[in-house]
Amino acid sequence: MAKWVFVSLLLILQTAVFATEPITPIPQKIPYNTLKAAVGKKLFFDPILSKDYTVACITCHDFQFGGADPRVFSIGVDRQNGRMQSPTVFNAVFNFTQFWNGRAKNLLEQASGPMHNPLEMGMTTPQIEQRVNASASYRKLFRTISGRSHITIGDIAEVISEYEKTLITPNGKFDRFLRGEGQLDTKEEEGYALFKRLGCASCHNGVNVGSNSFQKFGVIVPRVWNSSTDDRYALTNRESDKNVFKVPTLRNIALTAPYFHNGSASNLKEAITAMSYHNLGIQMSNRDIDLIIAFLNTLTGELPIKAITP
Amino acid sequence: MKLPLKITFALIAGTIALLGLLYFQHFSENYFSKRQLISEQIDAIETAEKSLDYHVLRSGFFLYVNQDEIIAKINAVERIIDTLRKNPNFSNEHPRTLQTLEIYQKAFLHKTDIIYDFQTSNAAIKNATMAIPALKQEAVAVFNTTKPDELRFLKEFSKLSGSVLLTKNSLDAQLIGDLDQGIHAIESYDFKEAKKVQIASSLIGNLKVFRAFFPLYKEAIEHLEHSDTKESLELLRKQFMLEDQTEFYAVTYFSYILVFLYISSLGLIIYFLIQSEIDARTDRLTGLGNRKAYEYRLRRSISSVLFLVNIDKFKHYNDFYGIASGDQILIKTAKRLKLLSRSWHNSFLYRLGGDEFGIVIEYHDHIDLEKLGRSILKEFQGKPMLIEGIETTFSITLAISTHSPLLETADMALKSIKKDRIRDMILYHEGLNLMEVVRENITKTRELRHAVEHDRLIPYFQPIVSLHTGQIEKYEALARLITEEGEIKSIFGYLDVVKESKYYATLTRVMVKKSFQVMKDLPFEFSINLSIDDITDHETILMITQTLDHYPHMASRVVFEILESEAMDDYTQVIDFIRIAKGYGCKIAIDDFGSGYSNFDHLLNLDIDIIKLDGSLIRNLPTSPHAVMIVETIVGFARKAGIKTVAEFASDKETYEMIKTLGIDYAQGYYTGRAASL
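All values derive from a computational prediction rather than experimental measurement. (Residues numbered from 1 in each chain as written. Chains lettered and ligands numbered in written order. Predicted model: local features only at pLDDT ≥ 70, side-chain atom pairs only at ≥ 80, totals over all residues.)

Things to note about the overall build of chain A
Then step 1. Counting secondary structure elements, chain A contains 14 helices and 2 strands.
Then step 2. Within chain A, the proportion of its 310 residues that are buried is 45%. (Helix = DSSP H or I, 4+ residues; strand = E, 2+ residues; numbered from the N terminus. Buried ≥ 20, exposed ≤ 12 C-beta atoms within 10 Å, placed from the backbone.)

Let's talk about the overall build of chain B
Then step 1. Along chain B, the regular secondary structure elements total 23 helices and 16 strands.
Then step 2. Classification of the 678 residues of chain B by burial places 33% in the buried group.

A few points about the environment of B:Thr661
All names here are of chain B.
Then step 1. One can find threonine 661 in helix 23 (residues 653–661).
Then step 2. Taking the C-beta count within 10 Å as the criterion, threonine 661 has 11 such neighbours and is therefore assigned exposed.
Then step 3. For the pair threonine 661 and leucine 467, spaced 194 residues apart in sequence, the C-alpha to C-alpha distance is 9.6 Å.

Details of the environment of B:Phe380
Residue and element names in this part refer to chain B.
Then step 1. Relative to the helices and strands, phenylalanine 380 is located in the loop between helix 12 (369–378) and strand 4 (385–387).
Then step 2. Taking the C-alpha atoms as reference points, phenylalanine 380 and threonine 333, separated by 47 residues in sequence, lie 8.8 Å from one another.
Then step 3. Once residues lying within four places of it in the same chain are set aside, the contact partners of phenylalanine 380 are Phe394, Ser395 and Ile396. (Contact = placed C-beta atoms within 7 Å.)

Considering the pairing of strand 3 (residues 356–362) of chain B
Residue and element names in this part refer to chain B.
Then step 1. Within strand 3, 5 of the 7 residues are buried, which leaves the element mostly enclosed by the surrounding structure.
Then step 2. Relative to strand 3, strand 1 (residues 304–311) is paired through 7 bridges, and the arrangement is antiparallel. Looking at strand 3, one finds that valine 305 is bridged to isoleucine 361.
Then step 3. As paired elements, strand 2 (residues 348–351) and strand 3 share 4 bridges and run antiparallel to each other. Of the residues in strand 3, the one forming a bridge with leucine 349 is isoleucine 359.
Then step 4. Counted along the chain from strand 2 to the antiparallel partner strand 3, the turn is 4 residues long. (Pairing = 2+ DSSP bridges.)

Things to note about the interface of chain B and chain A
Then step 1. Taken together, the contact between chain B and chain A spans 21 residues of the former and 25 residues of the latter.
Then step 2. Across the side of chain B that touches chain A, the residue classes break down as 10 nonpolar, 9 polar and 2 charged. (Nonpolar A, V, L, I, M, F, W, Y, C, P; charged D, E, K, R; others polar.)

Comments concerning the environment of B:Leu63
Then step 1. Tracing the backbone shows B:Leu63 in the loop between helix 1 (3–61) and helix 2 (68–86).
Then step 2. With sequence-adjacent residues up to four places away left out, B:Leu63 is seen in contact with B:Lys126 and B:Met130.

Overview of unusual backbone geometry
With glycine set apart, most residues show a phi of negative sign, and most peptide bonds adopt trans.
Then step 1. Residues A:Ala257 and A:Pro258 are joined by a peptide bond in cis, for which omega reads -5 degrees.
Then step 2. Of note, A:Pro258 is situated in the loop between strand 2 (244–246) and helix 12 (268–280).
Then step 3. Looking along the chain, the bond that leaves B:Ser404 and enters B:Pro405 is cis, with omega of -5 degrees.
Then step 4. Along the chain, B:Pro405 falls in the loop between strand 6 (396–401) and helix 13 (406–420).
Then step 5. For B:Lys313, which is not glycine, the phi torsion reads 55 degrees and is therefore positive.
Then step 6. Overall, B:Lys313 belongs to the partly exposed group, with 15 C-beta atoms counted inside 10 Å.

Quick notes on the packing of helix 4 (residues 95–142) of chain B against helix 7 (residues 194–225) of chain B
All names here are of chain B.
Then step 1. With their axes 7 Å apart at the nearest point, helix 4 and helix 7 run at an angle of 150 degrees to one another. The pairing of helix 4 with helix 7 is recorded here as roughly antiparallel in orientation. Between helix 4 and helix 7 lies a crossing whose hand is left-handed.
Then step 2. Tallied by class, residues from the contact of helix 4 with helix 7 come to 21 nonpolar, 6 polar and 4 charged. (Axes fitted to C-alpha atoms, helices over the stretch in contact; angles between N-to-C directions. Parallel < 35°, antiparallel > 145°, perpendicular 65-115°, else oblique. Left-handed = near helix turned anticlockwise from the far one by under 90°.)

Some points on the packing of helix 2 (residues 34–44) of chain A against helix 8 (residues 153–164) of chain A
All names here are of chain A.
Then step 1. It is at 7 Å that the axes of helix 2 and helix 8 come closest, and there the two elements cross at 100 degrees. When the axes of helix 2 and helix 8 are compared, the pair comes out roughly perpendicular. On helix 8, the residues that touch Lys36, Ala37, Val39, Gly40, Lys41, Leu43 and Phe44 of helix 2 are Ile156, Glu158, Val159, Ile160, Glu162 and Tyr163.
Then step 2. Taken together, the residues of the contact of helix 2 with helix 8 sort by class into 8 nonpolar, 1 polar and 4 charged.

Section: the pairing of strand 12 (residues 558–563) of chain B
Residue and element names in this part refer to chain B.
Then step 1. Burial of strand 12 is extensive: 6 of the 6 residues sit out of reach of the surface.
Then step 2. Burial of strand 12 is two-sided: the residues Val558, Phe560 and Ile562 facing one way and the residues Val559, Glu561 and Leu563 facing the other way are all buried.
Then step 3. Bridge count for strand 11 (residues 525–530) against strand 12 is 5 bridges, and the pairing is parallel. In the strand pairing of strand 12, asparagine 529 is matched with glutamate 561.

Here we look at the sheet that holds strand 6 of chain B
Residues and elements named next belong to chain B.
Then step 1. Strand order across the open sheet formed by 5 strands is 2-3-1-6-7, with mixed pairing between neighbours. Looking at the sheet topology across the chains shown, the edges are occupied by strand 2 and strand 7 (425–427). Strand after strand, the sheet turns through a mean of 15 degrees between neighbouring axes, direction not considered.

Let's talk about the confidence of the model for chain A
All names here are of chain A.
Then step 1. Scored by pLDDT, chain A comes out at a mean of 91, with 94% of its residues at no less than 70.
Then step 2. The secondary-structure element of chain A with the lowest mean pLDDT is helix 1 (residues 2–20), recorded at 48, while helix 13 (residues 286–297) shows the highest, at 97.
Then step 3. Under a pLDDT of 50 for its full length, residues 5–18 has, in the predicted model, 3 contacts with residues more than four places off or in other chains. (pLDDT = per-residue confidence, 0-100.)

Comments concerning helix 12 of chain A
Residue and element names in this part refer to chain A.
Then step 1. Every buried residue belonging to helix 12 is among Ala271, Ile272, Met275, Ser276, Asn279 and Leu280, and all of these are buried. End-on view of helix 12: buried residues confined to an arc of 120 degrees, all on one side of the axis.
Then step 2. One or two residues past the end of helix 12 sits glycine 281, with phi positive at roughly 75 degrees. (Arc of directions from axis to C-beta.)

Focus on helix 23 of chain B
All names here are of chain B.
Then step 1. Thr655, Met658 and Ile659 are the residues of helix 23 that are buried. Summarising the axial view, the buried residues of helix 23 lie within an arc of 100 degrees, below the 170-degree limit, and thus occupy one face. Opposite its buried face, helix 23 presents the exposed residues Lys653 and Thr661, each directed more than 90 degrees away.
Then step 2. Packed against the buried residues of helix 23 are helix 21 (615–619), strand 15 (644–647) and strand 16 (666–667).
Then step 3. Glycine 663 sits one or two residues past helix 23 and shows a positive phi near 80 degrees.

A word on the confidence of the model for chain B
All names here are of chain B.
Then step 1. Per-residue confidence for chain B gives a mean pLDDT of 86; residues scoring 70 or more make up 97%.
Then step 2. Taking the mean pLDDT of every element in chain B, the minimum, 70, falls on helix 20 (residues 600–605) and the maximum, 94, on strand 16.
Then step 3. What the predictor reports for the complex is a pTM of 0.61 with an ipTM of 0.87.

Spelled out as structure tokens, the structure:
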């Protein structure tokens, strides 16, 4: 009895410790449908979803580069340049909305977006369905899932979004620290304290260290607005929504350069300098920047090796 | 309706009620669980939204907050809405509530947008309010308080820092004016040192952020406080209850229908029961109450009087014209009696037997029973019925009784007058002593049955003396019955019983058989009594002819005495028999001639050898000149027709002498010799 009370108290205490921190660890596993995820994985790597068979999901969400695109802008079909920096697919399942301006509510809504984007995969719904239905192996796979012989765009988006649930990166150094399984070194700990004190944590919090609110890039020192940018304004046409974006995740941030919606920062130092200047109104010292970088490096998690191996 | 049909009907009604009950149970259970689920989900929306509000406000208060909580609650509300919309019970059965839910969903979507806006402005304002005190600390270290302008700057800084906090926490837009002035004042400072410039510009930047986002922040908070969602959720709840109530009414009405169904199936069963009881008490043919109904009626009555109506010779009509005609007679009789009794106060008419009807009325002293009885008789006298297109007149016999048991006493009285057909109406009273008769009849029937079954019927022979020679010339065979106790009794006392019983033909045949056996070695003529019923009984006639064939030498010694007192309606059969008997050489006598039915015409038509004068005439000879005259007439007629005469009841010498004087050929009686075994 006493033992159980002790264990429960410990658990409550632990949750209480988590609760005080604005960041929570990535869960080890989230439920998903294995069969659907397997088919989704196949499609994720398959360029048949693009008009000229040059682009697959993996093209711009490269697992070697933290599930993002190392290029400033991704290159779509017909070698066209995109307008937005490709965000990471890792932990995207935890994003409150998808795309830079949150125009998709969830992964399911997001999945079919790039296929239809003329700058990205450049397909239409009938084309996508015709392509996938033409494949005997996909027909067979989908039949085991849906029991139907015809594959719809909905089926395709569903399996891809199901696969994306497997793309999570738990057990990073910071998560182990949060769970009380490991320690941060002094620099990292100082960096985290600075991160909170400066106000970064006001927007970068939660399981994804961001991705749970829309914020303006250039709150204090405004940035030039580019009309071709897909910001919130593109959706709402509200003046106040100009340069407002979904706060990007800082998970695996060390792996996903370049940074910002336009890839304007090529490394973390540039990104931190720009962000602290525009959004906090400060000019950070090199030492402080180093501390922040040290903290950000602890956000790199374990890659889901099985899921990302083709 | 036939019984199986009724049972089926009642079973179907019962089954429907039972199925209805089961369905209702299922229906109501289903209804309540569905209702519970929907109601719980509406509650869950409210709980989730309240939790959402809490997390939103919390994120406004605390510096670093995990905003995932906010997103989780938004998702929770959306998920419940989605579940509700996908619930077919909800969307199909509550269309209006669904509409309200859609309104709520829209309001919540709007609220989500406001929360997103709040998050944006909150982060900016939070960071600004956090940055300003930090800058102040830095400024205190950098600025020189001995320099008046720098001191003023620091004072302004302090004041601004305070009003930023005040403005944020009071959400008062009026304080923005002070802030604007402060910002304007700070902007006027022109410091040379880079560090001071940086602090001042950073301060101005943060203040401007605060200034810029405060209205948005305030608006978002106010919006959240007075969100449409609470109102529309309340509306949703009300609408659901309203719509649910209509469904609840359906449940209630259904239960009413069920109760109605149950009661009507009960009613149906009761109706069938009553109907069966009525059917059981109704005579199918005439539609009158039957014996059972009569008994039921009598049980509830204290003093009643029964008029028992019997159609005379109904059996004869039925046999003669067929059952269909018989039914016609019964129906028409019933109709007449119904019309008649309708004018009687509080009367009930029943069909009590094959050809018997009963009218029952309450008995009072002042009722003139005979007058009422006569009115019934009058209804039939001289008023023919049209049966099968033929006008036929029926007579009835009526017995009236006020003595319990009514039917038994009336029936006895009726039988007592039917036997001799003298009267057509009788009022039962105890002096008739009919009960005794009935009891005797029962004893006699038993004795008769015993005698027949044990071969204890034997012929006795009474001598018939020739008045010319004074010698016994022949005998009349008379039946005797030996009782269980060995007593030998005359059949005379049993004749009524015999006629009613199935033994009548047996008696005749036994007499024929045994008389022949006794007489076969004796030199006398002997007579055997036959009734009209015997003569019309083919088997009896066959038996007689077979016996005659068996004893051909005896035929000339046999006399058949045919009873005159029977109604000889069908003469052809009598004539046929006489011809057959005469063919064998037998003689024919008419028995009891002069008893009232005597008809000289008949005698001429029938080839008669002997007339036996009725006992009642002979008995009265010594005292009645009238009787003498009748006997003289008959004897005269007989002599002319060549018919021998026999006088019965020659019981004493005086009578014997008179008989002799009157020229009668033969005499029999106690005086000349009693019947005895030969």
